[in-house]
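Survey of secondary and tertiary structure
Residue strings, one per chain:
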Amino acid sequence: MESQTTEPTYTTNEKGERVMTITINEDEERPLAPEPHFYEMSVGGGFGPWKLQPVHETMTIAALIASDEKLDPGMTYDKAIKEYQYDTLEVLRGIVWNDDPANRLFNDSWFHNNDNFNRGIGTDWAAYFADGKVFGVDCTKEGIFGRKNIIARSHFGDLQFLHSMADKEGEDPHDTQKKILAWLEIMYKVAIGQISKDTKLRDVELARDNEQDRYPLRRLFNNSTKPCDNDSIHTLMTSNTWYKNVKHNRRALGVCLHVIQDSYARGHCHRRIQYDGTPKQYAEIMNFHSYKGQDSHKHAECDFGDKDMSHVNCADIGEFKNMDGCTDAIRQCTKLINFWKNNTPWENVGAWLQTDVFQIAHNATPSNTQVN
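In what follows, the accompanying structure is described.

So, how was this worked out
- Residues numbered from 1 in each chain as written.
- Predicted model: local features only at pLDDT ≥ 70, side-chain atom pairs only at ≥ 80, totals over all residues.
- Heavy atoms only, no water.
- Phe/Tyr/Trp six-rings, centres within 6.5 Å; stacked < 30°, edge-to-face > 60°.
- Lys NZ or Arg CZ within 6 Å of the ring centre and 35° of its normal.
- Buried < 20%, exposed > 50% of the residue type's maximum accessible area, 1.4 Å probe, protein only.
- Helix = DSSP H or I, 4+ residues; strand = E, 2+ residues; numbered from the N terminus.
- Arc of directions from axis to C-beta.
- Contact = heavy atoms within 4.5 Å.

1. Let's talk about the packing of aromatic side chains
In this description, an aromatic ring pair is defined by two values, namely the gap between the centres and the angle between the planes. Scanning all chains against the criterion turns up 9 aromatic pairs. One aromatic cluster in this structure is built from Trp125, Phe129, Phe156 and Tyr291. Note that arginine 93 overlies the ring of phenylalanine 106, its terminal NZ or CZ placed 3.8 Å from the centroid. A cation over a ring is seen here: arginine 153 above phenylalanine 221, with NZ or CZ 5.4 Å from the ring centre.

2. Concerning helix 12 (residues 346–357)
Working note: α-helix, 3.6 residues per turn, so residues spaced by three or four point in the same direction. Taken together, the buried positions of helix 12 are Trp346, Val349, Gly350, Trp352, Leu353 and Val357. Seen from one end, helix 12 has its buried residues packed into an arc of 160°, which puts them on one side. More than 90 degrees from the buried face of helix 12, the exposed residues found are Glu347 and Thr355. Residues of helix 12 that are buried make contact with helix 6 (173–191), helix 9 (248–262), strand 4 (269–275), strand 5 (281–288) and helix 11 (326–341).

3. Some words on unusual backbone geometry
Generally, phi is negative for residues other than glycine and the peptide bonds are trans, each holding for most cases. With an omega of 0°, the peptide bond between lysine 226 and proline 227 qualifies as cis. Take proline 227: it is sitting in the loop between helix 7 (211–214) and helix 8 (233–238). With an omega of 0°, the peptide bond running from threonine 278 to proline 279 counts as cis. With a phi close to 45°, tyrosine 84 is a non-glycine residue in the positive phi region. Within the fold, tyrosine 84 resides in the loop between helix 2 (77–82) and helix 3 (86–97). Positive phi, normally seen in glycine, also occurs at asparagine 240, with a value near 55°. Tracing the chain through its elements places asparagine 240 in the loop between helix 8 and helix 9. You can call asparagine 240 partly exposed: its relative accessible area is 45%.

As structure tokens, then:
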């Protein structure tokens, strides 16, 4: 029988969580999982029930406007899509990647091979995300769920550094910082063309003394993971989708911007408040949070879903003043974009990231699952 999908329906389970059910064909209903709660700095998502406010995307457009990229000040998220602003959309695909590293929020077929931003319903993404919500599931490269599910790994497992978060409760903040900086070094070097899109993951090399740190992706990918260590940077970033006109430099830039933006989200990092006015201004990191075990309802309390971000005037940073952390994040992203535009060496960029964006407070504590 031909598979058919209908609109989802919701019920409440014994834990008080909303459960989504989608009819997959005429005879079978598949309950997927409790409806996922999202990071307060959300991405736009697909067109189904996972369509959220494009907070990350509008912050990125704001930074592109303010930076040496000199994006049209009239650009909005909706305009970028409707007018098919190819270069901008490539950066936004990178922004979305951290939340969707398997590229499941976009339609992928020969019919869409000339469209890099054709958003789908997102049912596949939701199913992969739901795997990570199962109690006790190992979402690392060693786990049955984790090794083939990079979406679960990035939200609940050993790739949470993609969101400026710790892998688990009790992680030393300097260890989390080290993972974040290594990842940003790789992506920034892809963004400036220093690491090729064709480089195999196992061969990505950084200037480090010991072999484990010199080849950091070997710790994260092996022959049983998806992608595997023999796959390329291109495969990691695109999942080998039909779309062929990928600008890896712009997508890698977007990936970096997402990490910076998430570091100013209260559900991800606890920072010292430098100015407690409007907008708040944040300083060094006191604590990294971990999503696995975090109260998703408290995480969602910081949601910015009450404001339509699709048409917001991104040239006016004041539009973000009531959204904690967003103005700080936009300013820092603007700096990174300027570094990228000027082809600034990683040594300078890395030093800035370590001592400014990801500076660890002298009294920082191990990671926890709080939201503060």
